[in-house]
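One-letter residues, chain by chain:
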Amino acid sequence: MIRVDFYRLTRDPVERVLPAIATRILDAGDRLLVVAAPAMQRQAIDAALWAHQPASFLPHGMAGTPDAADEPILIAGTLDTPAANGAAMLAIADGEWREEALAFDRTFLFFDNSRIDDARATWRTLGAAEGVERHFWQQDDRGRWSEGP
């Protein structure tokens, strides 16, 4: 079963939310591919992964570098399968669904209000797909996440 988690960003941008999820993924011994088409967004995510924990950082690198296969978290502008770092987990940081995401065990689709219609269409499409489990998460005013309808 493939799992897709929809994260509606109403309070914090993806670069503030993603490091906590990436931490849990690494703690479980998994690898993560992060995809964002805009270069500025990839740079913001890169900076956030460095600064997430003051005493350390989340080990990561950019796609296309010589060490890409070794990186526990790999940041890319395009979604190529299989992931260069062997990741089974995918974070789509720019809110743009890509069908190649179904090649991963679990995908996190982050979207803000500017992409809500796209996210709803993807939710409906995946609801009709066999072997896909969908979850929807929303953030409250205090920054806590809860699973929604």
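Residues numbered from 1 in each chain as written. Predicted model: local features only at pLDDT ≥ 70, side-chain atom pairs only at ≥ 80, totals over all residues. Heavy atoms only, no water.

**Topic: the packing of aromatic side chains**
Both the distance between ring centres and the angle between the ring planes are used here to describe each pair of aromatic rings.
Moving on, step 1. Applying the stated criterion across every chain, the model contains six aromatic pairs.
Moving on, step 2. Ring geometry for Tyr 7 and Phe 108: centres 6.2 Å apart, planes at 45 degrees, overall tilted. Of this pair, Tyr 7 sits in strand 1 (residues 2-8) while Phe 108 sits in strand 6 (residues 106-111), and the two are 101 residues apart along the sequence. Taken as a pair, Tyr 7 and Phe 108 share a single burial class, namely buried.
Moving on, step 3. Between the aromatic rings of Tyr 7 and Trp 145, the centroid separation amounts to 5.0 Å while the plane-to-plane angle is 70 degrees, which identifies the pairing as edge-to-face. (Phe/Tyr/Trp six-rings, centres within 6.5 Å; stacked < 30°, edge-to-face > 60°. Helix = DSSP H or I, 4+ residues; strand = E, 2+ residues; numbered from the N terminus. Buried < 20%, exposed > 50% of the residue type's maximum accessible area, 1.4 Å probe, protein only.)

**Some details on the pairing of strand 4 (residues 73-76)**
Moving on, step 1. Taking every second residue as pointing to the same face, both faces of strand 4 are buried, with Ile 73 and Ile 75 on one and Leu 74 and Ala 76 on the other.
Moving on, step 2. Pairing of strand 2 (residues 32-35) with strand 4, which is carried by four bridges, proceeds in the parallel orientation. Pairing of Leu 33 across the sheet is with Leu 74, part of strand 4.
Moving on, step 3. For strand 3 (residues 60-62) and strand 4, the ladder comprises three bridges, and the chain directions are parallel. Residue pairing for strand 4: Gly 61 is matched across the bridge by Leu 74. (Pairing = 2+ DSSP bridges.)

**Some remarks on the pattern of salt bridges**
Moving on, step 1. On inspection of all chains with the given rule, the structure shows seven salt bridges.
Moving on, step 2. Residue Arg 11 pairs with Asp 12 through a salt bridge whose shortest N-O separation is 3.3 Å.
Moving on, step 3. One salt bridge in this structure joins Asp 94 and Arg 98, with 2.7 Å as the shortest N-O distance.
Moving on, step 4. Take Arg 98: its relative accessible area is 11%, and that puts it in the buried class.
Moving on, step 5. Residues joined in a network through salt bridges with shared partners are Arg 3, Asp 5 and Arg 106. (Salt bridge = Lys/Arg side-chain N within 4 Å of Asp/Glu carboxyl O.)

**Things to note about the pairing of strand 7 (residues 132-139)**
Moving on, step 1. Pairing of strand 1 with strand 7 involves seven bridges; the strand directions are parallel. If you follow Val 4 over to strand 7, its bridge partner there is Arg 134.
Moving on, step 2. In terms of strand pairing, strand 7 meets strand 8 (residues 145-147) through three bridges, oriented antiparallel. The partner of Trp 137 across the bridge, within strand 8, is Glu 147.

**Considering helix 1 (residues 14-27)**
Moving on, step 1. With 14 residues, helix 1 should reach 20 Å at 1.5 Å per residue; the first-to-last C-alpha distance of 20 Å fits that figure.
Moving on, step 2. Val 14, Val 17, Leu 18, Pro 19, Ile 21, Ala 22, Thr 23 and Ile 25 are the residues of helix 1 that are buried. (Expected span 1.5 Å × (residues − 1).)

**A closer look at helix 3 (residues 116-127)**
Moving on, step 1. Taking 1.5 Å of rise per residue, the 12 residues of helix 3 would be expected to cover 16 Å, and the 16 Å separating its terminal C-alpha atoms lies within 8% of that figure.
Moving on, step 2. Those residues of helix 3 not exposed but buried are Ile 116, Ala 119, Thr 122 and Leu 126. Buried residues along helix 3 cover an arc of 120 degrees about the axis, so they all sit on one side. In helix 3, the exposed positions that point more than 90 degrees away from the buried face belong to Asp 117 and Arg 124.
Moving on, step 3. The secondary structure elements touched by the buried residues of helix 3 are strand 1, strand 6 and strand 7. (Arc of directions from axis to C-beta. Contact = heavy atoms within 4.5 Å.)

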